[in-house]
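Here is what each chain is made of, one letter per residue.
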Amino acid sequence: MSEENGSPDTTTGTAAGTPGNPTTGPRPEPIRFFGTTWLHHDGAYTARRLALAAGALLLAAAACLVLRLAYQGLQIAEIGSFVTVLVIVMFAVCSALAFGHTWGAFTTRPAPDRQASLRGLLTVGFLGSLLAYALRCLIEAPGERLHRAEYEAAVTRHEKRTTRRSGNPKKRRR
């Protein structure tokens, strides 16, 4: 599809390609849990989106329960209010940052080195990532807008490369 994501530009199958030429052209990049159904919104696309949104919300609720149990463990241990507040603020800030990063990653491709450096923060702020994923599933498949823009740009580039010129080349001016 493009040099940025490493997917190939051509295929020999008839399932992918441009409308004008179904055997060659860029292939849409699959999205996790959706495959390539995001392209034409087929294959129970809407049901998958709703199921994934519900699943992410259930996981977020379970995560809140685990965090509540951790908070109760801190209360039982009587470690002091400073550490308790510090842990609560840490989870809140990391969740807010993870939400923003995850939401932004659905519209632009994050740099791999930045993604690697934020891995710890995203792990601690898993609740924010789950909520961003659930909200995005209610709007569209997570990353669909980005993948669609890249795919349409690749189709345009492919059509530009493969269109034949018209006219007799002998009559061309020199």
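Conventions and cut-offs
Residues numbered from 1 in each chain as written. Predicted model: local features only at pLDDT ≥ 70, side-chain atom pairs only at ≥ 80, totals over all residues. Heavy atoms only, no water. Phe/Tyr/Trp six-rings, centres within 6.5 Å; stacked < 30°, edge-to-face > 60°. Helix = DSSP H or I, 4+ residues; strand = E, 2+ residues; numbered from the N terminus. Buried < 20%, exposed > 50% of the residue type's maximum accessible area, 1.4 Å probe, protein only. Lys NZ or Arg CZ within 6 Å of the ring centre and 35° of its normal. Contact = heavy atoms within 4.5 Å. Expected span 1.5 Å × (residues − 1). Axes fitted to C-alpha atoms, helices over the stretch in contact; angles between N-to-C directions. Parallel < 35°, antiparallel > 145°, perpendicular 65-115°, else oblique. Left-handed = near helix turned anticlockwise from the far one by under 90°. Nonpolar A, V, L, I, M, F, W, Y, C, P; charged D, E, K, R; others polar.

**Notes on the packing of aromatic side chains**
Taken as a whole, this structure holds four aromatic pairs when the rule is applied. When the centroid spacing of 6.5 Å and the interplanar angle of 90° are considered together, the rings of W38 and Y151 count as edge-to-face. Note that W38 is positioned in the segment before α1 (45–77) and Y151 in helix α6 (residues 144–162), a separation of 113 residues in sequence. With relative accessibility at 0%, the residue W38 sits in the buried group. On the basis of relative accessible area, Y151 is assigned to the buried category, the value being 8%. The aromatic ring of W103 is capped on one face by R136, whose charged end is 4.8 Å from the ring centroid.

**Let's talk about the environment of F126**
Mapped onto the fold, F126 is located in helix α5 (residues 126–139). For the pair F126 and F99, spaced 27 residues apart in the sequence, the C-alpha separation amounts to 8.4 Å. Among residues more than four places away in sequence, those in contact with F126 are A63 and F91.

**Focus: helix α2 (residues 81–105)**
Helix length check: α2, at 25 residues, gives a terminal C-alpha distance of 36 Å against a target of 36 Å (1.5 Å per residue), a fit within 8%. Looking only at α2, the buried set comprises T84, C94, S95, A98, H101 and T102. Contacts made by the buried residues of α2 are with α1, α3 (112–117), α4 (119–124) and α5.

**Description of the packing of α1 against α2**
Orientation of α1 relative to α2, taken along the N-to-C sense of each, is 165°, at an axis distance of 10 Å. With respect to their mutual orientation, α1 and α2 come out roughly antiparallel. In terms of crossing hand, the pair formed by α1 and α2 is right-handed. Judged by residue contacts, L67, Y71, L74 and Q75 of α1 engage T84, V87, I88 and F91 from α2. Along the lines of polarity and charge, the residues of the contact of α1 with α2 split into six nonpolar, two polar and no charged.

**Points about the packing of α2 against α5**
In contact at an axis separation of 6 Å, α2 and α5 are set at 35° when each is read in the N-to-C sense. Helix-helix and strand crossings are classified by hand; for α2 and α5 the assignment is right-handed. Facing F91, S95, A98, F99, T102 and W103 of α2, the residues of α5 in contact are F126, L127, G128, S129, L131, A132, L135, R136 and I139. Classifying every residue of the contact of α2 with α5 by side-chain character gives ten nonpolar, four polar and one charged.

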